[in-house]
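What follows is each chain in one-letter form.
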Amino acid sequence: MAAFWLSNAARRHRSPSSSILLSYSIYNILVQPSSPPSTTLSKSSPNDAFFNSNHQFQSPYRSWASSSHFYSANIQKIARFRPPFAELAAALNSYAGVSTSASSSSGGDASGRGQRDACKAVKVLSWIDLYLPQKIRPYAHLARLDKPIGTWLLAWPCMWSINMAASPGSLPDFKMMALFGCGALLLRGAGCTVNDLLDRDIDTKVERTKLRPVASGLLSPFEGVSFLGLQLLLGLGILLQLNNYSRVLGASSLLLVFSYPLMKRFTFWPQAFLGLTFNWGALLGWSAIRGSLDPTVVLPLYFSGVCWTLVYDTIYAHQL
């Protein structure tokens, strides 16, 4: 994020605002935590040092930007106008302090750990942590609201099927598309909740998952089950707006939703089972429009979606 802000500032060639000054200080804290500098640069001309340099900052500017006075002044200035930013300020101040103290006491290895901790602090904080009330943040993280790609992957097969079921020469049913979009959001959140509840003992042993709400103890299993019930109740409200055939077909998808998290324990092909679950909307979208299924149309769409899921989920697994 800091690098992105810096590139925007370089392209605009203008005096940095408070957010840009903040990004400089964050960058320096993450990349090169150091002791307070002996040389400083006047605030009136930060661009002279920045834009005349190569991809690395000139040492005078780096010293000025990484100074504790500069960092505290700018981060507190923004925190005053954007209250949610105060939490990010506190987290970064904390991790910066760990990094600085570690580098002074234990040398290079400790400094590297401090940098990684600071980067982790920036990665963990999302729009959920900045804007949502504190009481509902764990539930939003449990439903992965800050990672919408899963919702899109669940919604696309529904949209394809609804479009294919539309009468020739007419637009698709936008109301139905909106219902399925909301349903994809709820069902994806319910699937993540089931996954975290079943894997809570395993998640605590994995670096990538140990901070999930249930595994970390932010939410108890009972609270997770209660949240799951709320999501399913809202999903039922959407399902009841469909025809009877689609209601039965949609309810049957819950068997896949609840059993998919267990497939990782019994097979080396959990992504194939994920494909069967995520592409169920290819069947449901058609039946919601036509009132029945046409196997010659929906089955090729469904199984091609399963193959598509095999590809992207295998890539995702190798990226972790």
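Residues numbered from 1 in each chain as written. Predicted model: local features only at pLDDT ≥ 70, side-chain atom pairs only at ≥ 80, totals over all residues. Heavy atoms only, no water.

Some remarks on the environment of Ser246
Selection criterion: The way it works is that DSSP assigns letters per residue, a run of H or I at least four long becomes a helix, a run of E at least two long becomes a strand, and they are numbered from the N terminus. Should any heavy atoms of two residues lie within 4.5 Å, those residues are considered in contact. Here a polar contact is recorded for every N or O atom pair within 3.5 Å, except that within protein the pair must consist of a potential hydrogen donor and a potential acceptor, and residues adjacent in sequence are included only if both atoms are side-chain atoms.
Relative to the helices and strands, Ser246 is located in helix H15 (residues 244-259). Taking the C-alpha atoms as reference points, Ser246 and Gly291, separated by 45 residues in sequence, lie 7.1 Å from one another. In contact with Ser246, not counting residues within four places along its chain, are Leu239, Leu284, Ser287 and Ala288. Here Ser287 takes part through its side chain, which lies 3.0 Å from a polar atom of the side chain of Ser246. Among the polar contacts made by the side chain of Ser246, one reaches the main-chain amide nitrogen of Ala288 at a distance of 3.2 Å.

Observations regarding the confidence of the model for the chain
The criterion, for reference: Each residue carries a pLDDT value, the predictor's own confidence for that position, ranging from 0 to 100.
Within the chain, residue pLDDT values average 76, and 61% of them lie at 70 or more. A low-confidence stretch, residues 12-85 stays under pLDDT 50, and its non-local contacts, those more than four residues away or across chains, total 96 contacts. In this model residues 94-107 is a low-confidence stretch, pLDDT under 50, and it forms 14 contacts with partners more than four residues away in sequence or in other chains.

Quick look at the nonpolar core
Inclusion rule: Residues belong to one nonpolar core when they are buried, are Ala, Val, Leu, Ile, Met, Phe, Trp, Tyr or Cys, and are joined through side-chain atoms within 4.5 Å. Exposure categories follow from relative accessible area, calculated using a 1.4 Å probe and restricted to protein chains: below 20% of the type maximum is buried, above 50% is exposed, and the middle band is partly exposed.
Among the nonpolar cores identified, the biggest contains 34 residues, and Met176, Phe180, Leu242, Phe278, Trp280, Leu283 and Tyr302 are the most heavily contacted of them. When contributions to this core are tallied by element, the ones reaching two or more residues are helix H10 (149-165), helix H11 (174-198), helix H14 (221-239), H15, helix H16 (270-278), helix H17 (281-290) and helix H18 (295-319). Tallying contributions element by element places H10 first for this core, with seven residues. The residues contacting Leu242, other than those within four sequence positions of it, are Met176, Phe180, Arg247 and Ala288. Core analysis: the second largest hydrophobic core is formed by six residues, Leu142, Leu197, Val214 and Leu219 among them.

Remarks on the packing of aromatic side chains
What counts, and what does not: Pairing of aromatic rings covers Phe, Tyr and Trp, the last counted by its six-membered ring, and requires centre-to-centre distances within 6.5 Å; plane angles under 30 degrees mean stacked, over 60 mean edge-to-face, and any other angle means tilted.
By the definition in use, this model includes seven aromatic pairs. Taking the centre distance of 5.3 Å and the plane angle of 55° together, the rings of Tyr139 and Phe227 count as tilted. Here Tyr139, found in helix H9 (residues 137-142), pairs with Phe227, found in helix H14; they are 88 residues apart in sequence, far enough to count as distant. The class of Tyr139 is partly exposed, set by a relative accessible area of 23%. When the centroid spacing of 6.0 Å and the interplanar angle of 85° are considered together, the rings of Trp280 and Tyr302 count as edge-to-face. Note that Trp280 is positioned in the loop between H16 and H17 and Tyr302 in helix H18, a separation of 22 residues in sequence. A relative accessible area of 6% means that Tyr302 is categorised as buried. Chaining the aromatic ring pairs together yields one cluster made of Trp152, Trp156, Trp160, Trp308 and Tyr312.

Description of H10
Heads up, the rule is: Here the expected length of a helix is defined as 1.5 Å per residue gap, with one fewer gap than residues. Note on bend: the value at a residue is the angle between axes fitted to the seven residues ending there and to the seven starting there.
For H10, with 17 residues, the first-to-last C-alpha span of 25 Å sits near the 24 Å given by 1.5 Å per residue. Considering bend angle alone, the principal kink of H10 is centred on Ala155 and spans about 30°; proline Pro157 follows within four residues of it. What H10 keeps buried is the set Gly150, Thr151, Leu153, Leu154, Ala155, Pro157, Cys158, Met159, Ser161, Ile162 and Ala165. Looking at the buried residues of H10, the elements they touch are H11, H16, H17 and H18.

A look at a nonpolar patch on the surface
Applied cut-off: Patch definition: residues above 30% relative accessible area lacking any salt bridge, with like charges linked at up to 9 Å and the nonpolar side chains Val, Leu, Ile, Met, Phe, Trp and Tyr linked at up to 5 Å. We get accessible surface area from the Shrake-Rupley algorithm with a probe of 1.4 Å; when it comes to residues, only the shown protein chains can shield them. The term salt bridge refers to a pairing of a side-chain nitrogen on Lys or Arg with a carboxyl oxygen on Asp or Glu at a separation within 4 Å.
Together, Ile149, Trp152, Trp156, Trp160 and Trp308 make up a nonpolar patch on the protein surface, roughly 530 Å² of accessible area in all. With four residues, the top contributor of residues to the nonpolar patch is H10. Relative to the elements of secondary structure, Trp152 occurs in helix H10. Trp152 sits in the partly exposed class, given a relative accessible area of 49%.

Some details on the UniProt feature "transmembrane region" (unreviewed entry) in the chain
Where we set the bar: UniProt positions are given in the numbering used here, feature names are shortened, and annotations may be inferred rather than shown by experiment.
Within this numbering scheme, the UniProt entry marks residues 178-198, 218-239, 272-289 and 301-318 as carrying the feature "transmembrane region" (unreviewed entry). From the first C-alpha to the last, residues 272-289 spans 27 Å; its make-up is 89% helix and 0% strand.

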